[in-house]
Amino acid sequence: GQNIDQPTEMTATEGAIVQINCTYQTSGFNGLFWYQQHAGEAPTFLSYNVLDGLEEKGRFSSFLSRSKGYSYLLLKELQMKDSASYLCAVRDTYGQNFVFGPGTRLSVLP
Amino acid sequence: SQTIHQWPATLVQPVGSPLSLECTVEGTSNPNLYWYRQAAGRGLQLLFYSVGIGQISSEVPQNLSASRPQDRQFILSSKKLLLSDSGFYLCAWSVQGPGEQYFGPGTRLTVT
């Protein structure tokens, strides 16, 4: 079966650092993805991990441990515009199908 | 560069009426194409995906259907809408090899 878990909601302060965790149990694995979705809008791609370790992209970093079925998205120097839902997704072994987690709604407070 | 278009942006339809949502991709060939639905405050539910013209895989049995008449065109249809079909419909594409998905702007459907 396919199961992806994320915290439902998180709150952080402007300028701080926040870590959003994702655990997954899927029948196959061909990459883990993080997306940002502002209310009422389509998801936008943030990061992609296929090998273990940390990928850094400006203020955003994503980490993957395939043996533990675990990833996190790290957001530094939080800004008000970072208030959004963050979706974790896994691509299956055959590479055609993406399974999405329920999303984590992040609120950044002044 | 690649772009993905969806229309209409919003739609209000009565129960029992038909539906046709269209998605087109520009700037790439032979993409994988996907239809998702997102109910209010919920996650993404994969409805259909396609790896080529005329090839459709259905993930959830329901009153919706999908077709891919051309390489970069993906259509979502229904003969009779239900109230439960209301939601935010998203089309997405990816390359055939490893890599991420990119989403269209979405269609917000309200069935009344």
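The structure reproduced in this document is the subject of the present report. This one's a predicted model, so the numbers in the text were calculated from it and none came from an experiment.

1. Digging into the overall build of chain B
Phase 1: Along chain B, the regular secondary structure elements total zero helices and eleven strands.
Phase 2: Of the regular secondary structure in chain B, the N- to C-terminal order runs β-β-β-β-β-β-β-β-β-β-β.
Phase 3: Relative to a compact globule of 112 residues, whose C-alpha radius of gyration would be 13 Å, chain B shows 13 Å and is just as compact.
Phase 4: The proportion of buried residues among the 112 residues of chain B is 47%.
Phase 5: Taking the intrachain contacts of chain B between residues at least 6 apart in sequence as the baseline, contacts between residues at least 24 apart amount to 55%.
Phase 6: Between the averaged position of the 7 positive side-chain charges in chain B and that of its 6 negative side-chain charges there is a distance of 10 Å.

2. Structural notes on unusual backbone geometry
Phase 1: Across the junction of B:Trp7 and B:Pro8, the peptide omega takes the value 0°, indicating a cis bond.
Phase 2: If you trace the backbone, B:Pro8 turns up in the loop between β1 (3-7) and β2 (10-13).
Phase 3: The phi angle at A:Glu77 is positive, at roughly 45°, despite the residue not being glycine.
Phase 4: Note that A:Glu77 resides in the loop between β8 (70-75) and β9 (84-91).

3. Side note on the interface of chain B and chain A
Phase 1: Taken residue by residue, the interface counts 25 residues in chain B and 18 residues in chain A.
Phase 2: Taken together, the links from chain B to chain A amount to zero salt bridges.
Phase 3: Taken together, chain B and chain A are joined by five residue pairs in polar contact (both at pLDDT 80 or more).
Phase 4: Listed by contribution, the elements that provide at least two residues to the side of chain B that touches chain A are β4 (32-38), β5 (44-52), β9 (87-94) and β10 (101-103) of chain B.
Phase 5: Considering only residue class, the side of chain B that touches chain A consists of 13 nonpolar, nine polar and three charged.

4. Details of the sheet that holds β8(A)
Residue and element names in this part refer to chain A.
Phase 1: Judged by pairing direction, the sheet is antiparallel, and its five strands sit side by side in the order β1-β3-β8-β7-β6 without closing on themselves. Only two strands of the sheet have a single neighbouring strand rather than two, namely β1 (3-5) and β6 (53-57). Strand-to-strand twist of the sheet, defined as the mean angle between neighbouring strand axes without regard to direction, takes the value 15°.
Phase 2: Looking at chain direction, strand β7 (residues 60-65) and β8 are connected through six bridges and run antiparallel. Along β8, the bridge assignment pairs Phe-60 with Leu-75.

5. Comments concerning the packing of aromatic side chains
Phase 1: For the coordinates displayed, the defined rule picks out 18 aromatic pairs over all chains.
Phase 2: Taking the centre distance of 5.6 Å and the plane angle of 85° together, the rings of A:Phe98 and B:Tyr34 count as edge-to-face. You can see A:Phe98 sitting in strand β10 (residues 98-100) and its partner B:Tyr34 sitting in strand β4, one on each of two chains. Taken individually, A:Phe98 and B:Tyr34 each receive the classification buried, so the pair is uniform in this respect.
Phase 3: Centroid distance B:Tyr34 to B:Tyr36: 6.3 Å. Interplanar angle 25°. Geometry classified as stacked.

Quick notes on the rules
- Residues numbered from 1 in each chain as written.
- Chains lettered and ligands numbered in written order.
- Predicted model: local features only at pLDDT ≥ 70, side-chain atom pairs only at ≥ 80, totals over all residues.
- Heavy atoms only, no water.
- Helix = DSSP H or I, 4+ residues; strand = E, 2+ residues; numbered from the N terminus.
- Rg over C-alpha atoms; globule rule 2.2 N^0.38 Å.
- Buried < 20%, exposed > 50% of the residue type's maximum accessible area, 1.4 Å probe, protein only.
- Contact = heavy atoms within 4.5 Å.
- Lys, Arg positive; Asp, Glu negative; His and termini not counted.
- Charge placed at Lys NZ, Arg CZ, Asp CG, Glu CD.
- Salt bridge = Lys/Arg side-chain N within 4 Å of Asp/Glu carboxyl O.
- Polar contact = N/O pair within 3.5 Å; in protein donor to acceptor, adjacent residues only side chain to side chain.
- Nonpolar A, V, L, I, M, F, W, Y, C, P; charged D, E, K, R; others polar.
- Pairing = 2+ DSSP bridges.
- Axes fitted to C-alpha atoms, helices over the stretch in contact; angles between N-to-C directions.
- Phe/Tyr/Trp six-rings, centres within 6.5 Å; stacked < 30°, edge-to-face > 60°.

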